[in-house]
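Letter by letter, the chains look like this.
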Amino acid sequence: MLTLASKLKRDDGLKGSQTAATASDSTRRVSVRDKLLVKEVAELEANLPCTCKVHFPDPNKLHCFQLTVTPDEGYYQGGKFQFETEVPDAYNMVPPKVKCLTKIWHPNITETGEICLSLLREHSIDGTGWAPTRTLKAVDVVWGLNSLFTDLLNFDDPLNIEAAEHHLRDKEDFRNKVDDYIKRYAR
């Protein structure tokens, strides 16, 4: 993350020392999103839950990263679940886009990776959706994704209705299917 932070400092220094003729505005301007992300990523890495790891495939693009959640309790214990996060240009007015890359049998995550987590919704009737005061750090987005495997596991308001109904019908068979998915896709 030093790469983008260094760029921000360097760009601030350029403002006073270079003219418009020698440096175009596009090379000197850093988006509000990127300025926010420099601070938020540092906080995120410092406060990451022990069951989570974050990876930035390109350290110059803080707006694209992967999160690995390795639950240490519950149905999903022993699995490694990969999430891809993309922070849009309009951040922090709109939430990040998150997709689960690991095939999973879960009531709040579809097998194609869509996620039902209220704080990732731009508009929410119950007031728990995204707000500009929310951040990527452990207490918001990362905490929410991590909690989908424990306290936020919700069978009453599912996105994957088939998985929720499976749990209601036969909890032991549900657990067996979760274990099978972990063995096949989440190691």
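Just above sits the structure.
The residue count restarts for each chain, going from 1 along the sequence in the order it is written. Local features in this predicted model are restricted to residues whose pLDDT is 70 or higher, and side-chain atom pairs enter the listing and the counts only when it is 80 or higher, whereas totals over whole chains, interfaces and linings include all residues. As a convention, hydrogens and water are excluded, and side-chain values are obtained from all of the structure's heavy atoms.

Student: I tried to follow the overall build of the protein on my own but got confused; where do I start?
Tutor: The secondary structure content of the protein amounts to 6 helices and 4 strands. Strands are runs of DSSP state E lasting at least two residues, helices are runs of H or I lasting at least four, and both sets are numbered from the N terminus onward. Along its sequence from the N terminus, the protein presents helices and strands in the succession α-α-α-β-β-β-β-α-α-α. Buried residues in the protein amount to 42% of all 187 residues. Whether two residues touch is decided by their heavy atoms; if any such pair falls within 4.5 Å, the residues are in contact. Of the contacts made within the protein by residues no fewer than 6 positions apart, 55% connect residues no fewer than 24 positions apart. Categorising residues by exposure relies on relative accessible area from a 1.4 Å probe, with only protein chains included: less than 20% of the type maximum marks a residue as buried, more than 50% marks it as exposed, and the intermediate range marks it as partly exposed.

Student: Whenever I open this one, the nonpolar core confuses me. Can you help?
Tutor: Note on soluble globular proteins: their nonpolar side chains tend to be buried together. Nine residue types can take part in a nonpolar core, namely buried Ala, Val, Leu, Ile, Met, Phe, Trp, Tyr and Cys, and a core is a set of them joined through side-chain atoms within 4.5 Å. Counting residues in hydrophobic clusters, the biggest one holds 40 residues, and the most contacted among them are Tyr 76, Phe 83, Ile 115 and Leu 145. Where this core is concerned, the elements lending two or more residues are helix H3 (32-46), strand S2 (64-69), strand S3 (81-86), strand S4 (97-100), helix H4 (141-147), helix H5 (161-169) and helix H6 (171-185). Those residues within four positions of Leu 145 in sequence are excluded, and the remaining contacts are Leu 67, Phe 83, Val 98, Ile 115, Leu 117 and Leu 120.

Student: Mind showing me how you'd approach the side chain of His 166 here?
Tutor: Following the sequence through the fold, His 166 ends up in helix H5. Polar contact is the term for a pair of N or O atoms within 3.5 Å; when the atoms are in protein, one must be able to donate a hydrogen and the other to accept it, and sequence-neighboring residues count only if both atoms are side-chain atoms. Here Phe 174 takes part through its backbone nitrogen, which lies 3.4 Å from a polar atom of the side chain of His 166. With sequence-adjacent residues up to four places away left out, His 166 is seen in contact with Trp 105, Lys 171, Asp 173, Phe 174 and Lys 177.

Student: For this particular structure, what's the right way to read the sheet that holds strand S1 (residues 52-55)?
Tutor: Working definition: the strands of a sheet are paired by backbone hydrogen bonds and lie parallel or antiparallel to each other. Paired strands, as defined in this entry, are two strands with at least two bridges between them according to DSSP. The 4 strands are arranged S1-S2-S3-S4 in an open sheet whose pairing can be described as antiparallel. The two strands at the open ends of the sheet, each matched to only one other strand, are S1 and S4. For this sheet the average axis-to-axis angle between neighbouring strands, irrespective of direction, equals 20°. By the bridge criterion, 4 bridges tie S1 to S2 in an arrangement that is antiparallel. Each residue of the ladder has a partner; that of Lys 53, found in S2, is Thr 68. In this analysis, axes come from line fits to C-alpha atoms, helices being fitted only over the stretch in contact, and the angle between any two N-to-C directions falls in the range 0 to 180 degrees.

Student: Any chance you could explain the side chain of Ser 147 here in plain terms?
Tutor: Looking at where Ser 147 falls in the secondary structure, it is placed in helix H4. Not counting residues up to four positions away in its chain, the partners in contact with Ser 147 are Leu 152 and Leu 153.

Student: What should I look at first to understand H3 in this one?
Tutor: The terminal C-alpha atoms of H3, which comprises 15 residues, lie 22 Å apart, in line with the 21 Å expected from a rise of 1.5 Å per residue. Two axes are fitted around each residue, one to the seven residues ending there and one to the seven starting there, and the angle between them is reported as the bend at that residue. Considering bend angle alone, the principal kink of H3 is centred on Val 38 and spans about 25°. Turning to H3, its buried residues are Arg 33, Asp 34, Leu 37, Val 38, Glu 40, Val 41 and Leu 44. Helix span, expected: 1.5 Å multiplied by one less than the number of residues in the helix.

Student: Sorry if this is basic, but what is going on with the layout of surface pockets here?
Tutor: Sizing a probe to match a water molecule and rolling it over the atoms shows the empty space that remains. In this structure, the largest pocket spans a volume of roughly 260 Å³. As for the largest pocket, its lining consists of 14 residues, and the residues nearest its centre are Cys 116, Leu 117, Ser 118, Leu 152 and Asn 154. Both site types are read off a 1 Å grid over the protein atoms alone. A 1.4 Å probe that fits but cannot get out defines a cavity, while an open set with protein on both sides within 12 Å along at least five of seven lines defines a pocket; lining residues have an atom within 4 Å of a point. Grid points are joined across faces, edges and corners, and a volume is the space filled by probe spheres set on the points.

Student: Looking at this model, I keep getting lost on the pattern of salt bridges. Mind explaining?
Tutor: We count a salt bridge whenever a side-chain nitrogen from Lys or Arg sits within 4 Å of a carboxyl oxygen from Asp or Glu. Tallied over the entire structure, the rule returns 5 salt bridges. As a salt-bridge pair, Glu 111 and Lys 103 come within 3.9 Å of each other at their nearest N and O atoms. In the salt-bridge network here, residues are joined through shared partners; they are Arg 33, Asp 34 and Asp 89.

Student: Any chance you could explain the state of the cysteines here in plain terms?
Tutor: Each disulfide consists of a covalent bond between the sulfur atoms of two cysteine residues. By convention in this document, the label disulfide applies to cysteine sulfur atom pairs within 2.5 Å. Under the criterion given, the structure shown has 0 disulfides. Cys 50 forms no disulfide, and the closest cysteine sulfur to it belongs to Cys 52, at a distance of 8.2 Å. On the basis of relative accessibility, which here comes to 79%, the residue Cys 50 falls in the exposed class.

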